[in-house]
Amino acid sequence: MNKTIDIQAAVAIAAAEALAAKTEGTFGVGGVLLDGAGNVLQSMHNKVVQGGLVADPTAHGERQLVDWYFAQVSAGAALPPPQELTIVTSLDPCCMCTGAILAAGFHVVVAAPDGNAGINYDNHASFTALPAPLRAQAASRFCYPAVRGATPYARAASGARPKSFFIGKSINEATQALCTLVFESMASQVMQLLHDGDAGPLCDPASLPHDHALVRALRQRYPDALTYRCAPHVPDAGLAPFLRAAMEQDRRNGGAGEAAALLDSFGNLLLCLPGQQSQSLIRTPFMECTRQYAQLRHALMMGKDSAQQETIKRYLGHPKHGTFVLSGGLDGSAASFMTLGAYGSTMEGALPENNPAQFQYVRPGMAQDALLALCQALPPLYSKLIKIEPRQVADAALIAALA
Ligand SMILES: Nc1ccnc(=O)[nH]1
């Protein structure tokens, strides 16, 4: 156990993963998971876009490394606890990945900054975007190594001290520049893709015949899809039985008894899902719900011509036109922070003006004004562009039904 590694060598692996991601047409970000002696356990890169279509808005490199770790452990692998492990990432983690990393307990070494969505977006390493109780945790685990040089890529070290197995403790300027440029070269293109074909009017999937391929694919993921409908964006007590069933399943799956539902712009119930936390601590209901919806659309569209893809996008629109409903509200925990971030990564752009109540919860997890203050302190992507603003459902009978 006396193997050691330079930070530079680890960042170079992350940069190579980032290049692989860019080559695949997705966000150019990659990372590597190291054990307590500097051995590489796994390296991964962003997989948000696959085959030119959005496959999974949560498939960031860091989040995948966290899930990979828990999948290994639940399959019986003898891995050290997260506290002994370090994720080295080519780009500053977004809010989703930061929440996942903090919830799990990993250390992080960060190369390029991300002034839009990075947890250290202001480069102060004070993590004011986090709820106050989590800031010290981030300061003791998130390391921003020095980059020596005279260009704008150079910087002084900040944040946590790197683990002692790192010998060289700085990043070469050219490698840092590579991490930045690879991300910048794809960012706007991928964000554009996330909203592709979003112009036309939406069609009601409840109007399709029951044996239509789209309806069958939806019901394969969630058998009760399209069996409940409310006024658009106003879930009522009729949603309660679906939430309760998923909440009970969530508890059996190792979760806290929560659920996440997605309604479309017509008020149709598309998905209402539990988490899978016995498989991974971070597979919470919202993560499962947004991922299942994206994967459904991706599976239906892959290999189809553009007219067929257009039809699928009309019947299964971008989730920003619908409503996400959480059984339990957000609180100050790392897992809730992950949910806020994953919501942001799902939206990736301004909400439609006619849908200000896209994100709703039934039971509050914290006071509404404290929740809004938390959302306003998030990095610019979340607070200025998307303007994340979760609110409680309007229907008192639905609230009473889950009380
Ligand atoms: N920090 C990151 C931003 C975007 N995508 C990623 O995989 N990672």
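Scroll up to find the structure this text is about.
Read on for a plain summary of the structure. The shown structure was predicted, so the numbers you read here are calculated from the model rather than taken from an experiment. (Residues numbered from 1 in each chain as written. Predicted model: local features only at pLDDT ≥ 70, side-chain atom pairs only at ≥ 80, totals over all residues. Heavy atoms only, no water.)

### Regarding the nonpolar core
Definition in use: Nonpolar core, defined: a set of buried Ala, Val, Leu, Ile, Met, Phe, Trp, Tyr and Cys residues in which side-chain atoms within 4.5 Å join the residues together. Three labels apply to residues, based on accessible area from a 1.4 Å probe with only protein chains included: buried if under 20% of the type maximum, exposed if over 50%, partly exposed otherwise in between. The split of the chain into domains comes from an automatic or database domain assignment. Any pair of residues with heavy atoms lying within 4.5 Å of one another is described as a contacting pair.
Counting residues in hydrophobic clusters, the biggest one holds 94 residues, and the most contacted among them are F106, I119, F142, L243, L269, F359 and I388. When residues of this core are assigned to domains, at least three map to each of domain 1 (7-193) and domain 2 (205-402). Beyond its immediate sequence surroundings of up to four residues, L269 is in contact with Y222, D224, A225, L226, Y228, L239, F242, A261, L262 and L263. With 28 residues, the next largest nonpolar core counts V29, V109, F166 and A187 among its residues.

### A look at the site of the ligand
What counts here: The rule for a residue being near a molecule or strand is that one of its heavy atoms must lie within 4 Å of it. By the criterion applied in these results, polar contacts are pairs of N or O atoms within 3.5 Å in which, for protein atoms, one can donate a hydrogen and the other can accept it, and in which residues neighboring in sequence qualify only through two side-chain atoms. Only Asp, Glu, Lys and Arg are considered charged in this grouping, and only Ala, Val, Leu, Ile, Met, Phe, Trp, Tyr, Cys and Pro are considered nonpolar; every other residue, Gly among them, is considered polar.
The local shell around the ligand consists of V29, N46, H60, G61, E62, L91, D92, P93 and C94. Contact between the ligand and E62: a nitrogen atom at 2.8 Å from a side-chain N or O atom of the residue. Note that a nitrogen atom of the ligand is positioned 3.1 Å from one of the backbone N or O atoms of D92. Its residues assigned to classes, the shell around the ligand shows four nonpolar, three polar and two charged.

### Remarks on the sheet that holds strand β9 (residues 158-159)
What counts here: Whether two strands pair depends on DSSP finding at least two bridges between them. Runs of H or I in DSSP of at least four residues are treated as helices and runs of E of at least two as strands, each being numbered from the N terminus. To define axes, lines are fitted to C-alpha atoms, for helices over the stretch in contact only, and angles between the resulting N-to-C directions are given on a 0 to 180 degree scale.
The six strands lie next to each other as β2-β1-β5-β6-β7-β9, forming an open sheet whose pairing is mixed. With partners counted over all chains shown, the strands left at the sheet margins are β2 (40-45) and β9, one partner each. Pairing analysis gives two bridges linking strand β6 (residues 107-112) to strand β7 (residues 142-144), with the strands arranged parallel. By the bridge assignment, V109 is partnered in β7 with C143. Against the sheet, helix α5 (residues 173-184) touches β5 (86-91) and β6, its axis set at about 80° to β6.

### Some thoughts on the packing of helix α7 (residues 213-221) against helix α9 (residues 285-301)
Quick reminder of the rule: Handedness of a crossing is defined here by the sense of rotation of the near helix relative to the far one, left-handed for an anticlockwise turn of less than a right angle and right-handed for a clockwise turn.
One can describe the packing of α7 onto α9 by two numbers: an axis separation of 11 Å at closest approach and a directional angle of 145°. Between α7 and α9 lies a crossing of right-handed hand. In this structure, α7 uses A213, L214, A217, L218 and R221 to contact α9, whose residues at the interface are Q292, Q295, L296, A299 and L300. Here the contact of α7 with α9 is composed, by residue class, of seven nonpolar, two polar and one charged.

### Topic: the pairing of strand β11 (residues 260-263)
Here β11 shows no split at all, with A260 and L262 on one side and A261 and L263 on the other all buried. One ladder, built from four bridges, connects β11 with strand β12 (residues 269-273); its direction is antiparallel. Among the inter-strand pairings, L262 is bridged to a residue of β12, identified as L271. Hairpin connection between β11 and β12: a loop of five residues separates the two successive antiparallel strands, and G267 in this loop has a positive phi of roughly 95°. Relative to strand β13 (residues 323-328), β11 runs antiparallel, the two being bridged by four bridges. Residue L262 lies in a different strand from β13, and its bridge partner there is F324.

### Regarding the packing of α9 against helix α11 (residues 334-347)
The condition is simple: Oblique is the label for any angle not under 35 degrees, not over 145, and not in the 65 to 115 range, which are roughly parallel, roughly antiparallel and roughly perpendicular in turn.
It is at 9 Å that the axes of α9 and α11 come closest, and there the two elements cross at 15°. Between α9 and α11, the crossing angle belongs to the class labelled roughly parallel. Both α9 and α11 take part in a crossing whose hand is left-handed. On α11, the residues that touch F286, M287 and T290 of α9 are M338, T339, A342, Y343 and T346. The class makeup of the residues in the contact of α9 with α11 is five nonpolar, three polar and no charged.

### Concerning helix α4 (residues 132-141)
What counts here: What the arc describes is the spread of directions from the helix axis to the C-beta atoms.
Among the residues of α4, those classed as buried are L134, A138 and R141. All buried residues of α4 fall inside an arc of 70° around its axis, so they share one side. Seen from the buried face of α4, the exposed residues on the opposite side, beyond 90 degrees, are A132 and A136. Among the structural elements, α3 (95-104), β6, β7 and α11 are those in contact with the buried residues of α4.

All we've got here are geometric facts, nothing functional implied.
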